[in-house]
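Read off the chains here:
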Amino acid sequence: MKDVAFECTCPYCGKVNTKAGSVDNKVVMPKEGDVTLCIDCGNCSFVKKDAPGGMAKLDNHAQLVELCTQHPSMIGALRAWWAVRQKQGVH
Ligand SMILES: [Zn+2]
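Overview of the structure. Along every chain, residues carry numbers that run from 1 in the direction the sequence is written. Two thresholds apply to this predicted model, a pLDDT of at least 70 for residue-level local features and 80 or more for giving and counting side-chain atom pairs, whereas whole-chain, interface and lining totals are computed over all residues.

Take the overall build of the chain next. Of regular secondary structure, the chain possesses 2 helices and 5 strands. Moving toward the C terminus, one meets the helices and strands of the chain in the order β-β-β-β-β-α-α. At 13 Å, the chain has a C-alpha radius of gyration in line with the 12 Å of a compact globule built from 91 residues. Each principal axis of the C-alpha distribution contributes one length, and for the chain these read about 35 × 25 × 25 Å. To sort residues by burial, count the other C-beta atoms lying within 10 Å of each one's C-beta; a count of 20 or more means buried, 12 or fewer means exposed, and anything in between means partly exposed. C-beta atoms are built from the backbone. Looking at the chain as a whole, 12% of its 91 residues qualify as buried. Once local pairs closer than 6 in sequence are excluded, the contacts in the chain between residues at least 24 apart make up 42%. Numbering goes from the N terminus for both helices and strands, where a helix is a DSSP run of H or I of at least four residues and a strand is a run of E of at least two. Each radius of gyration reported is based on C-alpha atoms, and the globular scaling rule is 2.2 Å times the count of residues to the power 0.38. For every residue pair, C-beta atoms are placed from the backbone, and the pair is scored as a contact if these atoms sit within 7 Å.

See below:
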């Protein structure tokens, strides 16, 4: 995965993330409405430039399911995040 410099604050855990990578392995700058996965807490949020930290929470789990249906590569990203956390002994 190729990263780009992109600073935002996770609206769930408050982690300041400084890079973003595309699940499609493309080099792209996240834009308004794009969904990101926080590398620290694993929650998904979307880019909203006028929100605090530039990110906003999803409205509900149904929205996450809808996003994963539209973008199946998100499921792979979520699975990879969980696999890393389990290897680290963090559940
Ligand atoms: Zn987070």
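There's more to say after this.
Before going further, it helps to spend a moment on the sheet that holds strand E5 (residues 55-57). In short, DSSP must find at least two bridges between two strands for them to pair. Across the sheet, 3 strands lie side by side as E3-E4-E5; this open sheet has antiparallel pairing. In the strand order of this sheet, the two ends are held by strand E3 (35-37) and E5, each with one partner. Pairs of neighbouring strands in the sheet enclose a mean axial angle of 45°, with direction left out of account. Each axis is a line fitted through C-alpha atoms, taken for helices only over the stretch in contact, and angles between the N-to-C directions span 0 to 180 degrees.

This brings us to the environment of asparagine 25. Within the fold, asparagine 25 resides in the loop between strand E2 (16-21) and E3. For asparagine 25, a count of 9 C-beta atoms within 10 Å corresponds to the exposed category. Expressed as a C-alpha distance, the spacing of asparagine 25 and alanine 77, which sit 52 residues apart in the sequence, is 11 Å.

Relative to the helices and strands, glutamine 86 resides in helix H2 (residues 73-87). Note on glutamine 86: 10 C-beta atoms within 10 Å, which makes it exposed. In this structure the C-alpha to C-alpha distance between glutamine 86 and cysteine 8, which are 78 residues apart in sequence, comes to 25 Å.

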